[in-house]
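Notes for the structure review
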Amino acid sequence: MLILFGRRIGRASGLVAVAASTAAGVIALPLAWRVLDTPEAATLTWSFEWLRWGDQTMRMGVLVDPPAALLLFVVTVTGTLIQVYSTGYMAGHPRYSRFFAYVSLFMAGMLGLVVADNLLLLFVSWEIMGLCSYFLIGFFFEKPSAAAAGLKAFITTRIGDVGLMLGMILLWWTAGTLRFEELAAFMAGHPVATGALTAAALLIFVGTIGKSAQFPLHVWLPDAMEGPTPVSALIHAATMVAAGVYLVARTFMLFQALPVACSAVAWVGGITALMAACIAPAQTDIKRVLAYSTISQLGYMVMALGVGAYAAGLFHLMTHAFFKALLFLGAGAVIHGFHHVQDMRQMGGLRRKMPVTFATMAIATLAIAGVPPLAGFWSKDEILLSAYHASRPLWVLGTVTAGLTAFYMFRLLLMTFFGEQRDKHIHAHESPAVMTIPLVILAVFAALAGLPGSPWMGMWLQRALHVPWLHPHEVEPSRFVMGLSVLVAGAGIGAAALMYGPRPVISPARLAERFAPVHRASLNKFYFDELYLAAVVNPAKRLAAALWRTDQRLVDGAVNGAGLSAWLSAKAQGLFDKWVVDGLVNLAGAIVHAASAVTRRAQTGLVENYMLMAATGVLALAYFTWWNTG
Amino acid sequence: MIPLAAYLVLSAALLAIGVWGALTRRSALGILMAIELILNAANINLIAFARHVRGVDATGGPMFALFVMAIAAGAAAVGLSIVICIYRNHRTVDVDRINLMKW
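In this text, all values refer to a predicted model and were calculated from it rather than measured experimentally. (Residues numbered from 1 in each chain as written. Chains lettered and ligands numbered in written order. Predicted model: local features only at pLDDT ≥ 70, side-chain atom pairs only at ≥ 80, totals over all residues. Heavy atoms only, no water.)

1. A look at the overall build of chain A
In terms of helices and strands, chain A carries 24 helices and two strands. Counting only residues that meet the buried cut, chain A has 52% of its 630 residues in that class. Taking all contacts inside chain A whose residues are at least 6 apart in sequence as the whole, residues at least 24 apart take part in 80%. Accessible surface computed for chain A: about 27,500 Å², of which carbon and sulfur atoms make up 70%. (Helix = DSSP H or I, 4+ residues; strand = E, 2+ residues; numbered from the N terminus. Buried < 20%, exposed > 50% of the residue type's maximum accessible area, 1.4 Å probe, protein only. Contact = heavy atoms within 4.5 Å. Areas by Shrake-Rupley, 256 points an atom, 1.4 Å probe, with all protein chains shown as cover.)

Structure (structure tokens):
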């Protein structure tokens, strides 16, 4: 059913892709609505027997429970809007149709992942997405940096995939099933945490770390910005990287029973959120700022799941998908209208030249900064609240991150749209309507998507997301937490306004000089790339070189020595051979030659004749067997 | 349940088509395809007997069929690469015109 959605690649023009994903949306939305709107957690399931081996059975099928329904909604809506946008952004590119083929395949993978009812099917879709991601990052493969970024993303996420696969094997071995419903039942019967289960959960989480670009495997996501901007919006902001978070949510029945795994998840998320938020303010490439912001927000979601706030994590996933897709598409519009320059230091004053882009970007920035009552405020607040009740250090991490987020997002907004254009040579222009209309629609979502989870609508979304196996997780609302997060966001915005506003009060350059080591570290992304280069890539290269040298000297030397001695003894034997043995052989040869002169007529060299002989032989054998027994 | 004889008839028919194809095709590719048909005829037999004959280990037949498929895949790969090599050297895959194996 649902898995078949986007799989109409091949005849890939943009219109077909858009039509396919719209069709997917049209089918998926009522379905999602039906699942979400019923008071008891309604689920749609459908599966068939896939493999049977001895007494083991592997089933596969679809399972649409409330979280899956929510994701279906998000993926189809953002996916369709982004594809509409791409028809404008990619217009005139020589590999236009290939782009849409990849994007459609990606959509199919994502939808398959969302509705998969077991880990194996989920893993297959996961890999499809990984592949599409690789293709799309390296889409401009004429640029060596794009090709390298694609490779880097592929290899880095592969580490996570190996973890996920090992986790799946371990889980199959311990629990005997990979289907989510059976896992929930299994966990309900085994409330005690065991080492094997914890290991399985942690290994599955390694998959999340890779896919969702969590610390320490986050390095691929900023480089992934080499891809076309709509791809960055779709894959590296709204959907694929959220798949890791969704994986934890899908296997949450494991995590909620395993405190060790849970706290590992929460801390990885918290550290990622803060670290990425620290790197973002020093970046000057508009897309890289957004990339680090994405990593940071993903950290938030992971942290939410780690502290047990299941609904809040998914809620943030949804709001983030909308406003981050909007931010990336807005950035794409800026880049498109600014003749493919991505450096914010050359921009400025674009507010007047691109009014629609500016307005929508402003809404998204307010939303991500957590300004009430926009989407980001409700979901972020929900997460901070849960963190506050679960672990104070994590809450502090989260709150500081919120402040930094507000700061660097407003820095982006101010540097791009306010003040005077710094590089006067570029003539900026607004994008065509096919690109601005998706922006406006997404802006509406970014503004309003928080409301279903707000107290004004009675936390409708949180109740709708409930699934039967979930442990109840109630947190007292706290005015203090909410007030503080708004305050911190306000402080971040204020700081950004002071430093990057039309009349800067504090000079960012002076500040960077004062805290030079911190600034340098942040600018260089805390040296993660250099660290990996030194710790993993170079040793691997050196090992390869050392092995090659061993081969060259030791093995080749031995081989050459053996060859030489063999040659000498062969020389001696050769003389004996030539006179004694050859004489005998020649005699034998002469006899055989004479005989073969007759028999070689059968060797025609034509395959048909040989085959005919074989067939005749078989028939003759069959006939004799039949004759003997009958 | 479909009677055993039906499977055997299907398999015999496939075998016959395969043998006929292998003997009459002039394109090396056609011959390779025909050989695949022969192998699949054997597979149908294996699975049909595993399913129908009592007192036989039911997993043996499908297992053996899987082996046949795997090895057939390997053989097809080797065969195809030979065909490609021949094509590169002779610009043809017509077996009537290739008699490299002649003495």
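2. Topic: the overall build of chain B
Helices and strands together make up the secondary structure of chain B, namely three helices and zero strands. Secondary structure elements in chain B, listed N-terminal to C-terminal, are α-α-α. Per-residue burial for chain B yields a buried fraction of 23% across its 103 residues. A separation threshold of at least 6 residues defines the contact pool for chain B, and within that pool the share at least 24 residues apart is 60%. Total accessible area on chain B stands at roughly 6,900 Å², and carbon and sulfur atoms take up 71% of it.

3. Some remarks on the packing of aromatic side chains
For any pair of aromatic rings, the description consists of the separation of the ring centres together with the inter-plane angle of the planes. Residues and elements named next belong to chain A. Taken as a whole and judged by the stated rule, the model has six aromatic pairs over all chains. Ring geometry for Tyr134 versus Phe135: centroids 5.8 Å apart, planes at 40°, classification tilted. When its relative accessible area of 28% is taken as the criterion, Tyr134 is described as partly exposed. Looking at Phe135, the relative accessible area reads 27%, which means it is partly exposed. (Phe/Tyr/Trp six-rings, centres within 6.5 Å; stacked < 30°, edge-to-face > 60°.)

4. Some words on the interface of chain A and chain B
Contacts between the two partners involve twelve residues from chain A, matched on the other side by 14 residues from chain B. With both chains or domains summed, chain A and chain B bury close to 1,200 Å², and 71% of this area falls on carbon and sulfur atoms. Put simply, chain A and chain B have zero salt bridges between them. (Buried area = accessible area lost by both parts, 1.4 Å probe. Salt bridge = Lys/Arg side-chain N within 4 Å of Asp/Glu carboxyl O.)

5. Observations concerning the pattern of salt bridges
Taken as a whole and judged by the stated rule, the model has three salt bridges over all chains. A salt bridge links Asp161 of chain A to Arg158 of chain A; its shortest N-O distance comes to 3.2 Å. Residue Asp161 of chain A and its partner Arg158 of chain A are located together in helix 5 (residues 144–175), separated by three residues, close to a single helical turn. Given the relative accessible area of 3%, Asp161 of chain A is considered buried. Using a relative accessible area of 28% as the deciding quantity, one classes Arg158 of chain A as partly exposed. With a closest N to O distance of 3.6 Å, Arg26 of chain B and Asp94 of chain B form a salt bridge. In this pair, Arg26 of chain B is assigned in the loop between helix 1 (4–24) and helix 2 (28–52) and Asp94 of chain B in the segment after helix 3 (60–90), connecting sequence segments 68 residues apart. The class of Asp94 of chain B is buried, set by a relative accessible area of 16%. Each of the salt bridges in this network shares a partner with another, and the network as a whole consists of Glu127, Arg158 and Asp161 of chain A.

6. Things to note about the packing of helix 7 (residues 195–211) of chain A against helix 10 (residues 240–250) of chain A
Residues and elements named next belong to chain A. Here helix 7 crosses helix 10 at 160°, and the two axes come no closer than 8 Å. Judged on the interaxial angle alone, helix 10 and helix 7 are roughly antiparallel. Two packed elements cross with a definite hand, and for helix 7 against helix 10 that hand is left-handed. Side by side, helix 7 and helix 10 meet where Ile204, Phe205, Thr208 and Lys211 of the first sit next to Met240, Val241, Gly244, Val245, Leu247 and Val248 of the second. When its residues are assigned to classes, the contact of helix 7 with helix 10 shows seven nonpolar, two polar and one charged. (Axes fitted to C-alpha atoms, helices over the stretch in contact; angles between N-to-C directions. Parallel < 35°, antiparallel > 145°, perpendicular 65-115°, else oblique. Left-handed = near helix turned anticlockwise from the far one by under 90°. Nonpolar A, V, L, I, M, F, W, Y, C, P; charged D, E, K, R; others polar.)

7. Some words on the side chain of Ser11 of chain B
All names here are of chain B. As for its placement among the helices and strands, Ser11 is situated in helix 1. A distance of 3.3 Å separates a polar atom in the side chain of Ser11 from the backbone oxygen of Ala41. Those residues in contact with Ser11, other than ones at most four positions away along the chain, are Ala41, Ile44 and Asn45. (Polar contact = N/O pair within 3.5 Å; in protein donor to acceptor, adjacent residues only side chain to side chain.)

8. What about the environment of Val231 of chain A?
Residues and elements named next belong to chain A. Relative to the helices and strands, Val231 is located in helix 9 (residues 229–238). The sequence separation of Val231 and Leu136 amounts to 95 residues, and the corresponding C-alpha distance is 6.9 Å. Those residues in contact with Val231, other than ones at most four positions away along the chain, are Phe99, Leu136 and His236.

9. Considering unusual backbone geometry
All names here are of chain B. Even without being a glycine, Arg91 presents a positive backbone phi close to 55°. Inspection of the secondary structure assignment puts Arg91 in the segment after helix 3. A residue is classified by how much of its surface remains accessible, and Arg91, at 57% relative accessible area, is exposed.

10. So, the confidence of the model for chain B
Regions with low pLDDT carry predicted coordinates that are not meant to be interpreted in detail. Chain-level pLDDT for chain B is 87 on average; 96% of the residues reach the 70-or-more range. Confidence metrics for the complex model read pTM 0.67 and ipTM 0.72. (pLDDT = per-residue confidence, 0-100.)

11. A word on helix 9 of chain A
Burial analysis of helix 9 of chain A places ten of its ten residues in the buried class, the great majority of the element. Of all the positions in helix 9 of chain A, only Thr229, Pro230, Val231, Ser232, Ala233, Leu234, Ile235, His236, Ala237 and Ala238 of chain A are classed as buried.

12. Comments concerning a nonpolar patch on the surface
Residues and elements named next belong to chain A. On the surface, Val162, Met165, Leu166 and Ile169 cluster together to form a nonpolar patch covering roughly 360 Å² of accessible area. Counting through the fold element by element, Leu166 comes out in helix 5. Relative accessible area serves as the criterion here: at 44%, Leu166 is assigned to the partly exposed category. (Patch = residues over 30% accessible without salt bridge, like charges linked within 9 Å, V, L, I, M, F, W, Y side chains within 5 Å.)

13. Remarks on the nonpolar core
Residues and elements named next belong to chain A. Among the nonpolar cores identified, the biggest contains 159 residues, and Met110, Leu119, Leu171 and Phe255 are the most heavily contacted of them. Of the residues forming this core, the biggest block, 17 residues, is contributed by helix 14 (residues 310–337). Excluding residues that lie within four positions of it along the chain, Phe255 makes contacts with Ala201, Phe205, Val248, Ala261, Cys262 and Val265. One finds Ala309, Ala312, Leu385 and Ala387 within the second-largest nonpolar core, a separate group that totals 17 residues. (Core = buried A, V, L, I, M, F, W, Y, C linked by side-chain atoms within 4.5 Å.)

14. What about the confidence of the model for chain A?
For chain A, mean pLDDT is 75; residues scoring 70 or higher make up 76% of the total. Contacts from residues 1–12 of chain A, a stretch scored under 50 in pLDDT, to residues over four places away or in other chains number 25 contacts.

15. A closer look at the side chain of Thr405 of chain A
Structurally, the position occupied by Thr405 of chain A is in helix 17 (residues 392–417). Every residue in contact with Thr405 of chain A, bar those within four places of it in the chain, is listed here: Ser296, Gln297, Ile368 and Lys380 of chain A.

16. A word on the packing of helix 2 (residues 66–89) of chain A against helix 9 of chain A
Residues and elements named next belong to chain A. The contact between helix 2 and helix 9 brings their axes to 8 Å, and the two run at 160°. By the angle class used here, helix 2 and helix 9 are roughly antiparallel. The two elements helix 2 and helix 9 cross, and the hand of that crossing is left-handed. Within the contact between the two elements, helix 2 uses Thr78, Gly79, Ile82, Tyr85, Ser86 and Tyr89 and helix 9 uses Thr229, Pro230, Ala233, Leu234 and Ala238. Here the contact of helix 2 with helix 9 is composed, by residue class, of seven nonpolar, four polar and no charged.

17. A few points about the environment of Met63 of chain B
Locating Met63 of chain B in the fold gives a position in helix 3. The partly exposed category is assigned to Met63 of chain B, whose relative accessible area is 34%.

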